[in-house]
Each structure stands twice: as structure tokens, then as C-alpha cells.
Amino acid sequence: MYQQTLYAIHDDHLKRKDVKNDNKHKKFKYGYNLDLDCVIISKDGTLGEIYEIQNLRVGLPLVPKDVNGQELKKEEQVFTKTLKPTSLEKIKTVYDFKLLPEDTRERYYDYIDGEYNKRNDGDWFMCNGTPTYITGSHYMYLNWTKIDVGSPDFRQANRIFYYFWEACKADPRSYGMCYLKNRRSGFSFMGSSETVDQATVTRDARFGILSKSGSDAKKMFTDKVVPISTNYPFFFKPIQDGMERPKTELSYKTPSRRLTRSTVNEASGDEQKGLDTTIDWKNTGDNSYDGEKLRLLVHDESGKWEKPDNILNNWRVTKTCLRLGAKIVGKCMMGSTSNALDKGGDNFKKLYYDSKVTKRNRNGQTASGLYSLFIPMEWNYEGFIDKYGFPVFDTPEKPIEGIDGELIYIGVIEHWENEADGLKGNNDALNEFYRQFPRYEKHAFRDEIARSLFNLNKIYEQVDFNEEMTMNGYVTRGSFNWKNGVKDSTVEFHPNKTGRFKLSWIPPVELQNNIIVQNGIKYPGNKDLGAFGCDSYDISGTVDGGGSNGALHGLTTFSMLADVPSSQFFLEYVARPQTAEIFFEDVLMAIIFYGMPILAENNKPRLLYHIKRRGYRGYSMNRPDKARSKLSVTEKELGGIPNSSEDIRQAHAAAIESYIEDHVGLKDNGECGKMYFQRTLEDWAKFDINKRTKFDASISSGLAIMACQRHLYASKTAREVKKIDFGFSRYNNSGSNSKIIQ
């Protein structure tokens, strides 16, 4: 049974007295509410349920007493468009409407006023027994936007999308959204609808469009924005300046305004104050819209900007178009699927992860200023949406009526898996399918097989398995500490959500802190059960606060013991504590707790000196490719292995490659590997042997593999067979006389 994780609904706050009182007097304001830590998108002063959408809390209005469709049977409660009266079909402008008799106009004032209310405040309707709220922007998209197939369908995925987008508009800390989408999700039309909706009610503003190329931006403008504007009803449509179907700029002369008895009788449009609002598009480039002031920027296909264009550079420029000083005066609606990483996908990936709402600066803003949203493909896949707008996740026992009237016999998850299984013989096609229709964020950013040094297919199989298992019980996060704070005593592990260590196996008590002391030197007692690899650093901090992470990995050897997993990574540590000394102590506690040796790079020797000074030189492995007699003085003193040798680099990469082939991804028996550390898997997928310093997790994990397979690297001296002359002569005894053999 599919369990959705796209959003969660909270209503505990509704029991609070202060919330009840504010609802009674309609005191809740549109925008960010610090007390409840949510963005309120209600415009009627009330607060109802709070939707938590990927960590962004969005407050909806209270359910009103009267909801559209409540008189219908539950199974008949679906979204239906509000049709324009047929008698108004021929009315093209407000001036045509003014020419109608007064008693005729009187019949339509309430209808027009109702449409303005829905446009501004949103609307409620009953959906299969549940009161359902849609925002004003969503209503305009559903009811008044013409798309390539006619009118849009109501989909629950789009309902969540518009809640999130409305929160981005309401939140004064946000520059907008960065939407990671799947193909054919309707984003281009939704962006176009939003542009026209805002532009037709805004004075003295500019609205911009960018896409992966200038021609794509132009096509969006001419094929989507202009037709949507043209098909608006007369009471929403301002007077347009210039051509009816322009190619480069859409200019509005007079605004669309709420039609009442008084406004209809006001002066003609020529005497009204001009709207002076434009919508245009720009060619793709790093400096597009540089120096402009924008009310809204629609950034379509932003994950497909290929070199020399760079979406990161462009966003740094266009971000300034949306603010005046510290005040945000415009918003960006950005959305895209992702290209392969070297074709623009990597830059979009960085922008997307810089937009996570859980990572804010002291001003309350994300690194990019945007808020990231990902809606999995199963929520928005054509042919698997029922008539209530919900996806059919699981294969139903009986066919379900779809939103298009067709019957749905199979669940979207099963269908997607069948599609993926059919492409498993073609890795590039499979990864393209994952990028176009991602179920997880990691699917969306899959790279091309040819770019990876290792078997990317196996790595992604493992990533998918880990995602589907949701990692419950597989990985524990926590910290190591000395018992009672006494160093060099007993190490203890304590689970906590902010710990730097991730563990997938903890040894039984009898194997913990297993130390052997010989000649005053401490040695690991479990050296035959596994080993650690470490990529260290020596400098606590850098001027700009950067620097690579320290990384530590633990791996078991082949084992027949019931309590010890065989050939499994059991520990991942990728972090950069405030000081190098904290990192050194973390490493020391880990190797003591597990009682296993460590193979570390010795070109950064401070860690190895730290281990030696504390009396644990026996834990530091010597480089396995040389006999002790061949080691340098420093290598004999500290242990470790250099990273400068080309042979070592090749052996290191080969070790990871071999491990992936044998222990990662799906096996012949249908089981999956037990490599549960996603960050390391992602590091392997991107590993570049010519730029090793960027891949801390790959360096340390590879050293752990080499440490566990140290017998493979032991130097083998060729045996020299010497002939020994004992002084005995040999004779040929054939014939009558013996002859000495020379």
C-alpha cells in the first residue's frame, strides 16, 4: 500500500484559545505568522488546517458554512467549471457591456462579483465528501485558462502546487519557488496563467519570461501567454495596447476592474489612468533582464541551460530584479525537469538544494532565496488520475473511473515499474526515463552512464532500494563519547539526530572496545573483522569558511560470524567540525569502539600524530603495498598511505569498482546489496579520478576497502634460485671408459 509523503495536515493549533479568538474576530493576516511558524494564505482573516508541504507550513482558511456541491451525493462531488452565461458570449469589452440595457446588466453583477471574489480569495467545493480549498490563482487556471487540450483538469497535485506557490507569494522572506517537476505536469501553462492573472490587475509593472533558449521563451509567450490573455472574459480583460497577438511584448493600457453599477458608469477607458503593464520574453543568457525591475519572472526549463549559459549566474542577476534593497518586490516561478549533470543539470541541482526551506540564514532566507518543491511523478502522471483528481497509486481490485472518463485498471506505481523494467537493458534510456518521470529527487538528477567511472546502474539500483525502504531501522545517527568524559577509558555510542556518525551495524558488547596491549602499545582486538579508511584534513578552518570535509568509513571483512555482517559498510562520517582536533577525537573514538585498524592518507599527518601520541600507533595500518623494511622513516613512525602515487590511485579506484560490482545493487538472486549510505553512493556516482580531492567519501571508503583487502596488495619478492656447487664431478659412463662431463 502506497504511503504518501508529499504533505501532512495539522489541526492541533485549532484547539488553542488564542487561535479560536483570532478566528472569531478574523484577525489572521495574509503572510508569515511567527507564532505558528506558518505562512497563512487565507485572505478572509481565518486560519484552518495547516498543510506541511516538504517542511513549509501553509495555513489555509477555515471551511465556510456553505461549500459548492454540498447538496450533491458524495460520489457526484467533483470540481466543475463555472460557466459564463451564454448571453455574455458576444460581449468582448466592458464598453460592449455598458451598451446593454440596465435591467440586463443587473442580472450579471452578482455573477461577475462572484468571479472576482474567487479570483482574489480562492474557492471551496466538495470533493468526494471532503471540503476542498483552491487558491485564486488555481481557480483562474482551472476556470479561465485555455491550454493545448482545452480546459485543465482538477488534480490534487496541482492543488498542493498552488498552496505552495501562494505561500511563496505571501512570505516576505521568499523570492519564489524552484519546482523540480516531471514531464507533462502543466507547469508552462500554469506559469503562463499566473503571468496573465497578475499582469491584468497590476499597475506599472513588468512581467518576464525566460526558458532554455530564446526561441522556447518566445514560443511560451506566443503560444500560451497571448492566447490565455485573448480568451479572458471581458470583465477580467484590460484594454490591450498594440497588436492583438503580439510576438515580443504584451502591453495593457487600462486595468481590469471589478464591475459594479458605479464603475460601469464611470468615464471611458481613454480618460482612465493607464495600467502601463507589460509582459515580454528575453533571449537566454547570464545577464538576461539585468537592471530591470520585475513583478514576476517565469523561469521555464531552468534545468536545461547548457554551456555557455549558466542558470546559477542568471539567477544571481535576476534575483536583484525582484528586490529593492532588502525588500522583495517581485517573485520568481521557476520549474523544470533536469538535464544530465554536464548539460545544465548540475547547476540546477545546486540551485534546487540551495532552496531547501530547512536551511535558512539568520534573515530567515534560504541560500538561493527560493523555496524548493518536488512533486513525485505518481501524483501527476497522465492516465492515472481519478475523477476526484487523486492519483490511483495502487492497482485497484475493480477498475476506477479516470478524470477523462476512461477506466483505470492498473496503479501508477506498477505501471511505472513495468516501464522501468523494460528499459533495464539500456542504461542511458532508463536514466533519461527516471529524469523525465522521477519518483524521488535523486531520480531527477541521474547522470549519464558514460560519465561515471563506476557501474552507475548498480549504484542507482542501490539508491532506489534505499529510498523505497525509507531507511527505517537501517541507519542510526549519533555520536561517540568517552564514558563519564574520561579520555582513553571506554567509548560509548549515543543515538541523536544531530550526530555526525551514521551506523548500520553496532557490534555486540563483547566486541566493543576490544583492545590488545603489547609492549605498551595498544592494538585493535577485532583487526580480522574489519577496518576503517579515512580522508583527513589538517587545517581547522579557512578564510572563507570552506575546505573539504573529513571522512571516515568502516567496512567489515568477509565473515562467517552470526553477529558480524559480511563485507558491509557499517559506518559513514562526512563532516567538518569546528576544529581539526574534534575530528581527530571522533576518528579515534570510532576505531577504539569497533576495535578495528585504520588506513589513512599520510600526506596530512596530524591525525596519525594524534593517534600515536595517545598510544594507539598499533591501530594505524602501514601501507599494504610495501614490506616494513621498505617503508620510509615517517611511514614506520606513523603508518598510513600516500595519495601521490599513480599506482595507489589506480588501486584505490579499482577497489571501489570491484566492491560495487560484488556488493552494490541488485544481485542475481534478486536481493539488493547492503550499502545503506546514500551520501557515499552519490559520491561514487560523481567520482572523477582526476579530481579526487572533491570526493571525500569516495577517498575514505576506497581506503577502507583496500584495508580489508590488504592481502591483495602485499609486495611479492621474486624468489631467486641459486645453484650450489658441492665440488662433485659428473661422469658419462657409456662405453668402456668413463668420461668427465664438463
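Calculation criteria
Residues numbered from 1 in each chain as written. Predicted model: local features only at pLDDT ≥ 70, side-chain atom pairs only at ≥ 80, totals over all residues. Heavy atoms only, no water. Helix = DSSP H or I, 4+ residues; strand = E, 2+ residues; numbered from the N terminus. Buried < 20%, exposed > 50% of the residue type's maximum accessible area, 1.4 Å probe, protein only. Contact = heavy atoms within 4.5 Å. Areas by Shrake-Rupley, 256 points an atom, 1.4 Å probe, with all protein chains shown as cover. 1 Å grid on protein atoms, 1.4 Å probe; cavity = no way out; pocket = protein on both sides within 12 Å on 5 of 7 lines; lining within 4 Å. Points joined across faces, edges and corners; volume = space filled by probe spheres on them. Nonpolar A, V, L, I, M, F, W, Y, C, P; charged D, E, K, R; others polar. Patch = residues over 30% accessible without salt bridge, like charges linked within 9 Å, V, L, I, M, F, W, Y side chains within 5 Å. Salt bridge = Lys/Arg side-chain N within 4 Å of Asp/Glu carboxyl O. Lys, Arg positive; Asp, Glu negative; His and termini not counted. Charge placed at Lys NZ, Arg CZ, Asp CG, Glu CD. Pairing = 2+ DSSP bridges. Axes fitted to C-alpha atoms, helices over the stretch in contact; angles between N-to-C directions. Parallel < 35°, antiparallel > 145°, perpendicular 65-115°, else oblique. Core = buried A, V, L, I, M, F, W, Y, C linked by side-chain atoms within 4.5 Å. Phe/Tyr/Trp six-rings, centres within 6.5 Å; stacked < 30°, edge-to-face > 60°. Lys NZ or Arg CZ within 6 Å of the ring centre and 35° of its normal.

With reference to specific residues and values, describe the overall build of the chain.
The number of helices and strands found in the chain is 21 helices and 30 strands. Summarising its shape, the C-alpha atoms of the chain cover approximately 145 × 70 × 60 Å along the three principal directions. Across the 742 residues that make up the chain, the buried fraction comes to 52%. Once local pairs closer than 6 in sequence are excluded, the contacts in the chain between residues at least 24 apart make up 65%. With the model as given, the accessible surface of the chain reaches about 35500 Å², and the carbon-plus-sulfur share is 48%.

Which residues make up the side chain of Asn643, and what values do they have?
By the secondary structure assignment, Asn643 is in the loop between helix H18 (633-638) and helix H19 (646-663). Those residues in contact with Asn643, other than ones at most four positions away along the chain, are Glu601, Asn603, Arg649 and Arg692.

Summarise the layout of surface pockets; cite the residues concerned and give the values.
Taking a probe equal in size to a water molecule and rolling it over the atoms shows the remaining empty space. The computed volume of the second largest pocket comes to approximately 700 Å³. If you trace the second largest pocket, you find 29 residues lining it, with Arg184, Gly186, Ser188, Phe189 and Lys224 closest to the centre. Those elements that place two or more of their residues in the lining of the second largest pocket are helix H7 (187-199) and helix H8 (214-230). The element that contributes the greatest number of residues to the lining of the second largest pocket is H8, accounting for 4 residues. Grouping the amino acids of the lining of the second largest pocket by side-chain chemistry returns 7 nonpolar, 8 polar and 14 charged.

So, a positive patch on the surface: which residues are in play, and what are the values?
Residues Lys146, Lys218, Arg245 and Lys247 make up a contiguous surface patch of positive charge. If you trace the backbone, Arg245 turns up in the loop between strand S10 (239-241) and strand S11 (249-254).

Tell me about the pattern of salt bridges, and name the residues and values.
Inspection of the entire model under this criterion finds 30 salt bridges. A salt bridge links Asp35 to Arg16, with the nearest nitrogen and oxygen atoms 2.7 Å apart. A residue pair is termed long-range when its members are at least 10 positions apart, and Asp35 in the loop between strand S2 (31-33) and strand S3 (38-40) and Arg16 in the loop between strand S1 (7-10) and helix H1 (17-24) qualify at 19 residues. Between Lys169 and Glu194 there is a salt bridge; the shortest N-O distance is 3.0 Å. In this pair, Lys169 sits in helix H6 (residues 156-170) while Glu194 sits in helix H7, placing the two residues 25 residues apart along the sequence. Note on Glu194: relative accessible area 1%, which makes it buried.

Could you give an account of the pairing of strand S24 (residues 521-524), with specific residues and numbers?
For strand S23 (residues 515-518) and S24, the ladder comprises 4 bridges, and the chain directions are antiparallel. Following the sheet pairing, Gln518 is matched in S24 by Ile521. Joining the antiparallel neighbours S23 and S24 is a turn of 2 residues, in which Asn519 adopts a positive phi near 55 degrees.

Residue-level account of the sheet that holds S3, with values.
If you walk across this open sheet you meet the 5 strands as S1-S4-S5-S3-S2, and the pairing is mixed. The outermost strands of the open sheet, each flanked by one partner alone, are S1 and S2. Averaged over all pairs of adjacent strands, the angle between their axes in this sheet comes to 30 degrees, without regard to strand direction. Of the strand pairs in this sheet, S3 and strand S5 (residues 56-59) are connected by 2 bridges, and their pairing is parallel.

Tell me about the sheet that holds strand S27 (residues 569-575), and name the residues and values.
With mixed pairing, 7 strands are arranged side by side in an open sheet as S21-S20-S22-S27-S26-S25-S28. Looking along the sheet, the strands with just one partner apiece sit at the ends: strand S21 (491-495) and strand S28 (598-600). Strand-to-strand twist in this sheet, taken as the mean axis angle between neighbours without regard to direction, amounts to 25 degrees. Helix-sheet contacts for helix H16 (residues 580-594) involve strand S20 (476-482), S21, strand S22 (501-503), strand S25 (530-535), strand S26 (550-556), S27 and S28, and the interaxial angle to S20 is about 95 degrees.

Can you explain the packing of helix H4 (residues 109-121) against helix H5 (residues 136-144)? Please cite residues and give values.
At a closest axis distance of 7 Å, the pairing of H4 and H5 adopts a crossing angle of 125 degrees. In terms of orientation, H4 lies oblique with respect to H5. Each of Tyr111, Glu115, Lys118 and Arg119 in H4 lies in contact with H5, whose residues at this interface are Gly136, Tyr139, Met140, Asn143 and Trp144. Here the residues of the contact of H4 with H5 sort into 4 nonpolar, 2 polar and 3 charged.

I'd like a description of the nonpolar core, backed by residues and values.
Counting residues in hydrophobic clusters, the biggest one holds 91 residues, and the most contacted among them are Ile53, Phe161, Tyr163, Met177 and Ile279. With 10 residues, the single largest contributor to this core is H6. With near-sequence residues (within four places) excluded, Met177 lies in contact with Phe161, Phe164, Trp165, Cys168, Cys332, Met333, Met334, Leu370, Tyr371 and Leu373. Within the second largest apolar cluster, 38 residues are counted, among which are Val491, Phe532, Phe584 and Leu588.

Pulling in residues and values, what's your account of the packing of aromatic side chains?
The final tally for this structure, using the stated rule, is 56 aromatic pairs. Each ring, one from Trp379 and one from Phe393, has its centre 5.3 Å from the other, and the planes form 70 degrees; the classification is edge-to-face. Taken together, the residues span a long stretch of sequence, with Trp379 in the loop between strand S17 (370-374) and strand S18 (400-401) and Phe393 in the loop between S17 and S18 at a distance of 14 residues. The class of Trp379 is buried, set by a relative accessible area of 2%. Under the relative-accessibility criterion, Phe393 is labelled buried at 15%. Between Trp416 and Tyr434 the ring centres are 5.3 Å apart and the planes differ by 35 degrees, which places this aromatic pair in the tilted class. Separated by 18 residues along the polypeptide, Trp416 in helix H12 (residues 412-422) and Tyr434 in helix H13 (residues 427-436) bring together distant segments of the chain. Here Trp416 matches Tyr434 in class, with each residue buried. Through a chain of ring-to-ring contacts, three or more aromatic side chains come together here, namely Phe480, Phe493, Phe501, Trp505, Phe532, Tyr537, Phe570, Tyr573, Phe583, Phe584, Phe593 and Tyr594. Over the ring of Tyr30 we find Lys43; its NZ or CZ atom is 5.2 Å from the centre of that ring. Across the ring face of Tyr32, the terminal group of Arg173 is positioned such that the distance to the ring centre comes to 3.7 Å.

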